[in-house]
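# What the coordinates show
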Protein chains: 4
Amino acid sequence: MAQSDTVTRILDTAEVLFAERGFAETSLRNITSKARVNLAAVNYHFGSKKALIQAVFARYLDPFSQRFHTALDELEVKYKGDVIPLEVLLETMAGTVLAVPAERNSLKVFMRLLGLAYSQAQGHLRRYIQQQYGDVFTRFTELVRQATPELPDAERFWRLHFMLGTVIFTLSGLDALRDIAAKDYNEQVTVRDLVKRLRPVVVAGMNAPLPSAVDEGHYANACAS
Amino acid sequence: MAQSDTVTRILDTAEVLFAERGFAETSLRNITSKARVNLAAVNYHFGSKKALIQAVFARYLDPFSQRFHTALDELEVKYKGDVIPLEVLLETMAGTVLAVPAERNSLKVFMRLLGLAYSQAQGHLRRYIQQQYGDVFTRFTELVRQATPELPDAERFWRLHFMLGTVIFTLSGLDALRDIAAKDYNEQVTVRDLVKRLRPVVVAGMNAPLPSAVDEGHYANACAS
Amino acid sequence: MAQSDTVTRILDTAEVLFAERGFAETSLRNITSKARVNLAAVNYHFGSKKALIQAVFARYLDPFSQRFHTALDELEVKYKGDVIPLEVLLETMAGTVLAVPAERNSLKVFMRLLGLAYSQAQGHLRRYIQQQYGDVFTRFTELVRQATPELPDAERFWRLHFMLGTVIFTLSGLDALRDIAAKDYNEQVTVRDLVKRLRPVVVAGMNAPLPSAVDEGHYANACAS
Amino acid sequence: MAQSDTVTRILDTAEVLFAERGFAETSLRNITSKARVNLAAVNYHFGSKKALIQAVFARYLDPFSQRFHTALDELEVKYKGDVIPLEVLLETMAGTVLAVPAERNSLKVFMRLLGLAYSQAQGHLRRYIQQQYGDVFTRFTELVRQATPELPDAERFWRLHFMLGTVIFTLSGLDALRDIAAKDYNEQVTVRDLVKRLRPVVVAGMNAPLPSAVDEGHYANACAS
DNA sequence: GATGAATGAGCCTTCATTCAT
DNA sequence: GATGAATGAAGGCTCATTCAT
């Protein structure tokens, strides 16, 4: 078997199974048997299951990180010191996110993986992602800060995560939702359709009026934590 | 030991551990040893791990479902045939969601669990929730439909899920995000604060302009799936 | 619930399940749930699973033992000191065996149980049967001895067990064999039919010529144990 | 540890324990601890306990099936079209049965296993044996049919099973019976002795006169099932 | 470089039994 | 007299990992 064929086969199979079932629910046996590879190969090539999980992410995030840096470079050149508008920043990020897995025909898988990275109990994974790719996100949020000077820093932080939740939740649960949509609305939705639908919602969310301080304590009597 | 003390102790411990680690990563031994209860007690009282998971959800969703029905009844009486405004509907839902676990001092846990219900590979759980509580959500979405007659049905479906993602993603990942926010913005955020912040964003998202058909194919060259 | 209703329900259910699956494969839960009786009732009324197994046998063997003694009494009166012919002894035993469970409509179950008593790893059961009912069988074999004076004692011992094997094996596996027979020979066989078929074979087996000493060592080179 | 040493040790230990206690009463832990082998080795090499049980049988039945086919081939050559006498067929089967485990010094174990295969609630095992080795037995019964043209087909079917019961019941319960015989008749019986004793009985049983139709209903009043 | 074999820890579940009520 | 609750032991099986070859 060719040298890195095994490695590739493992990664290809692992990302699909991880995306389908989650990390804990996917055993190395599941992966190696479906990939028709020796069970010990995972530990041989990657060292451990954790390292395999990280490698699966790295295969997406390395090119993403690189392309996103390049795209931001180009934007900074184009706007040469002027503030880059929020819509442009969001479009750029969306474009890069879509571009990377497009080459691997598996945007859906990538989105599922991103969702899992947030929701599953894999502390090592969040630490790994933060450490390896934190700088791109830091750079991006700084540009967003410049594009939304009217937003308090904390508000911007939360709204970015609100919108992150919107996107990841939707795209990572795409299959299930798509089935419902297809049944109820007789509509075959593609990722492209969804992104088109997401755009105005995300922009509106980011530009929503600030919460009025008046409402404070509205639920105070109902919420203890 | 008091009659149903064991049952309660198991449920209390299970919901915390499930919320912290997920279902697959939490063993019955983890639960029973922390709850200082015999391992076999889980199977005696619940029948299986799956049934325990469902029971954990039922303890939240049963009262939620009941209260939400009641709240919607009251709204329908109050508006006697008139359309109930979207903001009122959203407030009512938020109020009910907050009220239920408030009595148990564990809104955070409830939100984590809801997030897990969507993201983890527990098909039985989604089936169970859909089957047991589907009707409340159906009733709610029908009222939302009447409140947003200008939205195409499919668009409303997707936007509701966009907003669901916003809320669940944020609140279920609350701890991690709160830590970051505390460090970067020196801010101790409560769930109440977050709900206050979420409200204008959700309303703005639901009321965002419809996506223009002109944009179609915008990312066509970047997205293969 | 009436006093001994529970006991009867347990015994009725237990004998059926034991006959179907064997002793180890039938749990007290199987029995009590099918009998719609409390799990603890078995230990309450019988003391242990072993005791339940013995009770199931006692319900058949007590009347059998009593009737067989009576039948042999009558034979001894009738033949007043003369030797009772082998055929008569065999017929009498067969008649008694058939008569007992006939009242409970479950000869098949009784035979399965007898087969299990021999084949399953329930040492306590063999000891129990030997201790409780050994005397009837001793009395019977003594009469057989008188009826077959030409047979060496050891030969008679073995032939009785050969024939016991014939009967128990056939009748205890009745269902499976009946299915095959029904399929291959288009024949719906009853227990009565089988007993009719067994009679000449058993008699011929008992009366077979003695093995010639010449044959000794015929398989010596083929058999090491 | 040598390559298949583990497999052999597991099989050797398993067949002894199965024969002594039955399948359900023998745990994998019993087997692996006695065989001084890791518990997981059973699942690694065999896949499941069921598969182990089947493997234990296969180790006897594979060579038996092969040898018996060969022996029947030789008989057909020798008798070139003529009918092979019943005695010869029975001797041939007996010889093959004795020859196979002789090499493994465990005829007794083999016989116990055969008895268990019939009496224990292991449906999968009967299915497996029928499927894997059904053809040899079909071939054998066809030759018996030619050797006993005077017997009605159904009668021959039942008599073969009568005799099968005789043999399996006796040989599978050998140890217990041998103990009794040793005590009562001061006789140390070997398997060879028993086979010598079985032969005339089996032949006489097969050749017994047909049951007279006159006797029909003899026990009719005594047998309800 | 790659793999078949083996391992120890842990999984969920079921068992017969006991006990307080 | 009868039962719901609880228990310790044991069941078969799967896991990620290691190791000799």
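Calculation criteria
Residues numbered from 1 in each chain as written. Chains lettered and ligands numbered in written order. Predicted model: local features only at pLDDT ≥ 70, side-chain atom pairs only at ≥ 80, totals over all residues. Heavy atoms only, no water. Contact = heavy atoms within 4.5 Å. Buried area = accessible area lost by both parts, 1.4 Å probe. Salt bridge = Lys/Arg side-chain N within 4 Å of Asp/Glu carboxyl O. Polar contact = N/O pair within 3.5 Å; in protein donor to acceptor, adjacent residues only side chain to side chain. Helix = DSSP H or I, 4+ residues; strand = E, 2+ residues; numbered from the N terminus. Nonpolar A, V, L, I, M, F, W, Y, C, P; charged D, E, K, R; others polar. Near = heavy atom within 4 Å. Expected span 1.5 Å × (residues − 1). Buried < 20%, exposed > 50% of the residue type's maximum accessible area, 1.4 Å probe, protein only. Least-squares fit on C-alpha atoms with pLDDT ≥ 70 in both. UniProt positions renumbered as here; feature names shortened; annotations may be inferred. Phe/Tyr/Trp six-rings, centres within 6.5 Å; stacked < 30°, edge-to-face > 60°. Domains from an automatic or database assignment.

### Looking at the interface of chain B and chain A
Every contact between the two is made by 69 residues of chain B and, on the other side, 67 residues of chain A. In this assembly, chain B packs against chain A so that about 5,800 Å² is buried in total across both faces, 68% of it on carbon and sulfur atoms. At the junction of chain B with chain A, the criterion picks out two salt bridges. Salt-bridge contacts for B:Glu155 lead to A:Arg197; the nearest nitrogen and oxygen are separated by 2.5 Å. The tally of links from chain B across to chain A stands at three residue pairs in polar contact (both at pLDDT 80 or more). For the side of chain B that touches chain A, the secondary-structure elements that each account for two or more residues are helix H1 (5-21), helix H5 (86-102), helix H6 (107-119), helix H8 (153-172), helix H9 (174-185) and helix H10 (191-206) of chain B. When residues of the side of chain B that touches chain A are assigned to their parent elements, the largest contribution, 15 residues, is made by H8(B). Across the side of chain B that touches chain A, the residue classes tally to 38 nonpolar, 13 polar and 18 charged.

### Description of the protein's contact with DNA strand E
Around DNA strand E sit 31 residues, and of these A:Asn38, D:Thr6, D:Asn38, D:Tyr44 and D:His45 come closest. Looking at DNA strand E alone, sugar and phosphate atoms form 58% of those within 4 Å of the protein. Of all elements in the fold, only helix H3 (40-46) of chain A, helix H2 (28-34) and helix H3 (39-46) of chain B, helix H2 (28-34) and helix H3 (40-46) of chain C together with helix H3 (39-45) of chain D reach the threshold of two or more residues within the surface near DNA strand E.

### Side note on the side chain of A:Arg197
Position of A:Arg197 relative to the elements: it lies in helix H10 (residues 191-206). Separated by 2.5 Å, the side chains of A:Arg197 and B:Glu155 make a polar contact. Beyond its immediate stretch of four places on either side in the chain, A:Arg197 contacts A:Glu187, A:Val189, B:Ala154, B:Glu155, B:Trp158, B:Phe162 and B:Pro211.

### Examining the side chain of D:His124
Residues and elements named next belong to chain D. Topologically, His 124 is positioned in helix H7 (residues 123-147). For His 124, the side chain forms a polar contact with the side chain of Gln 54, separated by 3.1 Å. Not counting residues up to four positions away in its chain, the partners in contact with His 124 are Lys 50, Ile 53 and Gln 54.

### Observations regarding helix H1 (residues 5-21) of chain D
All names here are of chain D. Over its 17 residues, H1 extends 24 Å from the first C-alpha to the last, a length consistent with the 24 Å expected when each residue adds 1.5 Å. Taken as a whole, H1 has its buried residues at Thr 6, Ile 10, Leu 11, Thr 13, Ala 14, Glu 15, Leu 17, Phe 18 and Ala 19. Positive phi shows up at Gly 22, right after H1, with a value of about 95°.

### As for unusual backbone geometry
Of note in this structure, C:Arg36 is not a glycine but carries a positive phi near 50°. For C:Arg36, a relative accessible area of 67% gives the class exposed.

### So, the interface of chain C and chain D
Between chain C and chain D, the contact holds 68 residues from the first and 69 residues from the second. Across the chain C/chain D interface, buried area totals approximately 5,800 Å², and carbon plus sulfur atoms make up 68% of it. There are two salt bridges connecting chain C and chain D. Along the contact surface separating chain C from chain D lie three residue pairs in polar contact (both at pLDDT 80 or more). Mapped onto the side of chain C that touches chain D, the elements with two or more residues apiece are helix H1 (5-21), helix H5 (86-102), helix H6 (107-119), helix H8 (153-172), helix H9 (174-185) and helix H10 (191-206) of chain C.

### Some words on H6(B)
Residues and elements named next belong to chain B. Helix length check: H6, at 13 residues, gives a terminal C-alpha distance of 18 Å against a target of 18 Å (1.5 Å per residue), a fit within 8%. Counting buried residues along H6, 11 of its 13 residues qualify, which places the element largely inside the surrounding structure. Taken together, the buried positions of H6 are occupied by Leu 107, Val 109, Phe 110, Met 111, Arg 112, Leu 113, Leu 114, Gly 115, Leu 116, Ala 117 and Ser 119.

### Some remarks on the relation of the copies chain C and chain D
With an axial shift of 0.0 Å and an RMSD of 0.1 Å, the rotation relating chain C to chain D amounts to 180°. Expressed as a symmetry operation, the mapping of one chain copy onto the other fits a two-fold axis. Judged by C-alpha distance, C:Thr166 is the residue of chain C that lies nearest the rotation axis, at 2.3 Å. Comparing interface residues between copies, 100% of those in chain C also lie at the interface in chain D; the contact surface is shared.

### Digging into the pattern of salt bridges
Applying the stated criterion across every chain, the model contains 40 salt bridges over all chains. Between C:Arg159 and C:Glu155 there is a salt bridge, with its nearest N and O atoms 3.0 Å apart. Here C:Arg159 pairs with C:Glu155, and both are found in helix H8, just four residues apart, close to one helical turn. The residues C:Arg159 and C:Glu155 share a single accessibility class, namely buried. Two residues, D:Arg139 and D:Asp73, come together in a salt bridge whose shortest N-O distance is 2.7 Å. With a gap of 66 residues between them, D:Arg139 in helix H7 and D:Asp73 in helix H4 (residues 49-79) connect regions that are remote in the sequence. Members of the salt-bridge network, linked through shared partners, are A:Asp12, A:Glu15 and A:Arg59.

### Digging into the UniProt feature "domain: HTH tetR-type" (unreviewed entry) in chain A
UniProt's entry tags residues 4-64 of chain A with the feature "domain: HTH tetR-type" (unreviewed entry), counted in the numbering of this structure. The span residues 4-64 of chain A shows a helical share of 77% and a strand share of 0%, and its end C-alpha atoms are spaced 22 Å apart.

### With respect to the protein's contact with DNA strand F
If you check the shell around DNA strand F, you find 30 residues, and the closest are B:Thr6, B:Asn38, B:Tyr44, B:His45 and C:Asn38. Considering DNA strand F, the proportion of its atoms within 4 Å of the protein that are sugar or phosphate atoms stands at 60%. Residue A:Leu28 places a main-chain N or O atom 2.9 Å away from a phosphate oxygen belonging to DNA strand F. Those elements that place two or more of their residues in the surface near DNA strand F are helix H2 (28-34) and H3 of chain A, H3 of chain B, H3 of chain C together with helix H2 (28-34) and H3 of chain D. When its residues are assigned to classes, the surface near DNA strand F shows 12 nonpolar, 14 polar and four charged.

### Some remarks on the packing of aromatic side chains
Taken as a whole and assessed by the stated rule, the structure comprises 36 aromatic pairs over all chains. Both rings, one in A:Phe18 and one in A:Phe23, keep their centres 5.0 Å apart while their planes meet at 70°; by these two values the pair is edge-to-face. The class of A:Phe18 is buried, set by a relative accessible area of 0%. Classification of A:Phe23 by relative accessible area gives buried; the value is 1%. Plain terms: the ring middles of B:Phe157 and B:Trp158 are 5.1 Å apart, the flat faces sit at 80° to each other, and that makes the pair edge-to-face. Classification of B:Phe157 by relative accessible area gives buried; the value is 8%.

### Regarding the relation of the copies chain B and chain A
Least-squares fitting of chain B to chain A yields an RMSD of 0.1 Å, with the superposition described by an axial translation of 0.1 Å and a rotation of 180°. Mapped onto chain A, 97% of the interface residues of chain B are again interface residues, and the two copies thus contact each other with one and the same surface.

### Remarks on the domain arrangement of chain A
Residues and elements named next belong to chain A. Domain assignment breaks chain A into domain 1 (1-47) and domain 2 (60-207). With nine residues of domain 1 at the contact, the number on the domain 2 side is 10 residues. Summing the contributions of domain 1 and of domain 2, the shared interface buries around 740 Å²; its carbon and sulfur component is 59%. When the area that domain 1 buries against domain 2 is broken down by residue, the three leading residues are Glu 15, Ala 19 and Phe 23, summing to 73%. In this assembly, domain 1 and domain 2 are joined by two residue pairs in polar contact (both at pLDDT 80 or more). Each residue belonging to the side of domain 1 that touches domain 2 can be placed in one class, and the counts come to four nonpolar, one polar and four charged.

### Let's talk about the environment of D:Val189
For D:Val189, the location among the structural elements is in the loop between helix H9 (174-185) and helix H10 (191-206). The buried category is assigned to D:Val189, whose relative accessible area is 3%. C-alpha separation for the pair D:Val189 and D:Met93, spaced 96 residues apart in sequence, amounts to 21 Å. Ignoring sequence-local partners within four residues, the contact set of D:Val189 consists of C:Trp158, D:Arg178, D:Leu194 and D:Arg197.

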